[in-house]
Amino acid sequence: MSTIEFNGVNFSYQVGTPFEVNALHDINVRISDRSYTAIVGHTGSGKSTLIQLLDGLIRPTTGTIKVGNETISSTSSNSELGKIRSKIGFVFQFPENQLFEETVLKDISFGPQNFGKSEDEAIVLAKEAMQLVGLDDSLAQRSPFELSGGQMRRVAIAGVLAMKPEILILDEPTAGLDPRGQRETMQLFSQLHRKNNINVILVTHQMEDAAAFANQVLVMNDGNLVKAGSPNEIFSNPEGLIGNHLTIPKTTKVANELTKGGFRFDPYPLTLEELSRQVAKQLESGSN
C-alpha cells in the first residue's frame, strides 16, 4: 500500500536568514493508493516543492508526509528517506537528458543495479520495462543517442519503471514533444496506471491532460492547496480556474458556450469524446 498523506506540511527555503521564503503553507491532503492525481498551478505555486518533499529530496520545515508505513519529517535521516525513494520513480522534465550509457539495455538496467540487483536480474527487469513502454527488443543493443527523440524519452521512462516503483511522479512529462508525442506519452502512463496498479502523480500545465487522465486534481496557488476534488468538480468551475491563474480546457470552453445555447451536460464533459457524445444525443432527441 502506498497511500500518501500530507499532514500540516509547511516548507520554507533558507530558514532563519533574511532571504527566508515560505513556499508551502499548511498542506493537508490524502492521495489514495493506486490513484491518478494531477497537481496543477501556475509557475511558483508550489507544485515542484510538493513533489520534491514527497520524493525525500527536501524535508518539510514542519508537519509530516506519510508514504505507506514510512514518514517524512524535518528530522528524517538519509537512510529513512532512502526507504521512501525506493518506492518512488521520478520522471523529470526532458528525462532523455539523463541518458548516458552506451546501449539502451545498459541504460535501463543501471537503476536496478544501483539499488542492489545483480546484473542478470537487472537485465530481466530492463527487458520487462522495454516491453511496458513499447520499445522493440531490436533496440536493446543500440546506442540511445541514435534513437528518435520520442524513443529516447521512452528509454528514460523505462529506466524508471525498471526499478518497480509503487509511485510514479511525472513532472511535465510531455514538455518539448509534438502533439502526437504528447498524446502517445500520456496514453502510455494511463495504461501503466490501469494495468500495473501504479500510483501516478502528474504535475502539469496542460489542463486537458489533468481533465482526461486524473481521478483527483489538486489546485495549488501561492503555496496553498486551494482545492482538491475530482476532475469534474475542478473543471466544471471555470471561474475557479481563472481565479487561480489557470487556463480553461478547450472542452470546458465549448461546453460553457453550448450551455448558453440551451444544452445541458450531466456529467460535465471533460474530453472531446464525452462532449461529442452528449451533444449528439441531445440533438437526436431534440432536448436542447
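Residues numbered from 1 in each chain as written. Predicted model: local features only at pLDDT ≥ 70, side-chain atom pairs only at ≥ 80, totals over all residues. Heavy atoms only, no water.

- Looking at an unreviewed UniProt entry, one finds the protein chain named Energy-coupling factor transporter ATP-binding protein EcfA2 and attributed to Paucilactobacillus suebicus DSM 5007 = KCTC 3549.
- According to its UniProt record, the protein chain has this under Subcellular location (unreviewed entry): "Cell membrane". (UniProt positions renumbered as here; feature names shortened; annotations may be inferred.)

## Brief notes about the sheet that holds strand β3 (residues 36–40)
Here is step 1 of the chain: Taken together, the six strands give an open sheet; going across it, the order is β6-β7-β8-β3-β9-β10, and neighbouring strands pair in mixed fashion. Bordering the open sheet on either side are β6 (88–91) and β10 (224–229), each of which pairs with just one other strand. Strand-to-strand twist across the sheet, computed as the mean angle between neighbouring axes with direction ignored, equals 15°.
Here is step 2 of the chain: Direction of pairing for strand β9 (residues 216–221) relative to β10: antiparallel, over a ladder of five bridges. Counterpart to leucine 218 in the pairing with β10 is alanine 228.
Here is step 3 of the chain: Where helix α5 (residues 149–161) meets the sheet, it contacts β6 and β7 (167–171), and its direction lies at approximately 165° from that of β6.
Here is step 4 of the chain: Sitting on the sheet, helix α6 (residues 179–196) touches β3, β7 and β8 (199–203), and the angle it makes with β3 is about 140°. (Pairing = 2+ DSSP bridges. Helix = DSSP H or I, 4+ residues; strand = E, 2+ residues; numbered from the N terminus. Axes fitted to C-alpha atoms, helices over the stretch in contact; angles between N-to-C directions. Contact = heavy atoms within 4.5 Å.)

## Thoughts on the packing of aromatic side chains
Here is step 1 of the chain: Counted under the stated rule, the structure contains five aromatic pairs.
Here is step 2 of the chain: Measuring from ring centre to ring centre gives 5.0 Å for phenylalanine 100 and phenylalanine 110, while their planes differ by 90°; the resulting arrangement is edge-to-face. Of this pair, phenylalanine 100 sits in the loop between β6 and α3 (104–114) while phenylalanine 110 is found in helix α3, placing the two residues ten residues apart along the sequence.
Here is step 3 of the chain: Residue phenylalanine 110 is classed as partly exposed on the basis of its relative accessible area of 37%.
Here is step 4 of the chain: Here the aromatic cluster, defined as three or more aromatic residues joined through ring pairs, consists of Phe263, Phe265 and Tyr268. (Phe/Tyr/Trp six-rings, centres within 6.5 Å; stacked < 30°, edge-to-face > 60°. Buried < 20%, exposed > 50% of the residue type's maximum accessible area, 1.4 Å probe, protein only.)

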